[in-house]
Amino acid sequence: MRTTDLLPISEVAARSGFAASALRYYESEGLIDAQRSGGNQRRYERNVLRRLAFIRAASNVGLTITEIREELDRLPHGHAPKRSDWQDISNHWRGRLNERIEALEKLRDNLDSCIGCGCLSLDTCAMANPNDIAAARAGGPGAAYLPPLLRRP
Ligand code: FES
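Not measured: the values here are computed from a predicted model. (Residues numbered from 1 in each chain as written. Predicted model: local features only at pLDDT ≥ 70, side-chain atom pairs only at ≥ 80, totals over all residues. Heavy atoms only, no water.)

Novice: I would appreciate a short explanation of helix H3 (residues 48-60) in the present structure.
Specialist: In this model, H3 (13 residues) spans 18 Å end to end at C-alpha, consistent with the 18 Å of a helix rising 1.5 Å per residue. Against strand S1 (6-8), helix H1 (9-16), helix H2 (20-28), strand S3 (42-45), helix H4 (65-72) and helix H5 (83-110) lie the buried residues of H3. Gly 62, located one to two residues past H3, shows a positive phi value of around 95°. (Helix = DSSP H or I, 4+ residues; strand = E, 2+ residues; numbered from the N terminus. Expected span 1.5 Å × (residues − 1). Contact = heavy atoms within 4.5 Å.)

Novice: Explain H4 to me, please; I cannot follow it from the model alone.
Specialist: Think of an α-helix as turning once every 3.6 residues; residues three or four places apart then point the same way. Residues of H4 that are buried: Glu 67, Ile 68, Glu 71 and Leu 72. Projected onto a plane normal to the axis of H4, the buried residues spread over an arc of 135° and lie on a single side. On its buried face, H4 is in contact with H3 and H5. (Buried < 20%, exposed > 50% of the residue type's maximum accessible area, 1.4 Å probe, protein only. Arc of directions from axis to C-beta.)

Novice: Could you clarify how one ought to interpret the packing of H3 against H4 in this entry?
Specialist: Each pair of packed helices can be summarised by the angle the axes make with each other and by the distance between the axes. At their nearest, the axes of H3 and H4 sit 10 Å apart, and the two run at 140° to each other. Judged by the inter-axis angle, H3 sits oblique to H4. In the packing of H3 onto H4, the handedness of the crossing is right-handed. Contact residues: H3 offers Arg 51, Phe 54, Ile 55, Ala 58 and Ser 59, while H4 offers Ile 68, Glu 71 and Leu 72. (Axes fitted to C-alpha atoms, helices over the stretch in contact; angles between N-to-C directions. Parallel < 35°, antiparallel > 145°, perpendicular 65-115°, else oblique. Left-handed = near helix turned anticlockwise from the far one by under 90°.)

Shape is all these values report; function is a separate question.
Here it is, written out as structure tokens:
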């Protein structure tokens, strides 16, 4: 790839909205790659912008760095990912997203009723969680009636 096609960190930071320190962090975490110029300055292929957009979207829906890395590791290294490569991620990621959509819907639809957290403060708790029976059912701390995704530490 011609060096003229490579972007300096300042341009990638400006276009992606990530601070240069975040770009260095994602590189250290193996989420993005950078080449070095003759002056040992980072230079990025333009397709890094799509990876960064994916990282932003994934972290905004609650994926951890580890989960994001698992998805990005499905992309080929050494050449710009093609549409089919991203399709592969999209198919794999669909399950994770559906799980989050279901969890968020449960949260949206159940926040005004008992969530089995042990507070016993709502009128619905008397019916749904008498004497905090949820504590025994939860299999651990937290709101027993919320999806595990919303209860993970
Ligand atoms: S909402 Fe907390 S125990 Fe019912």
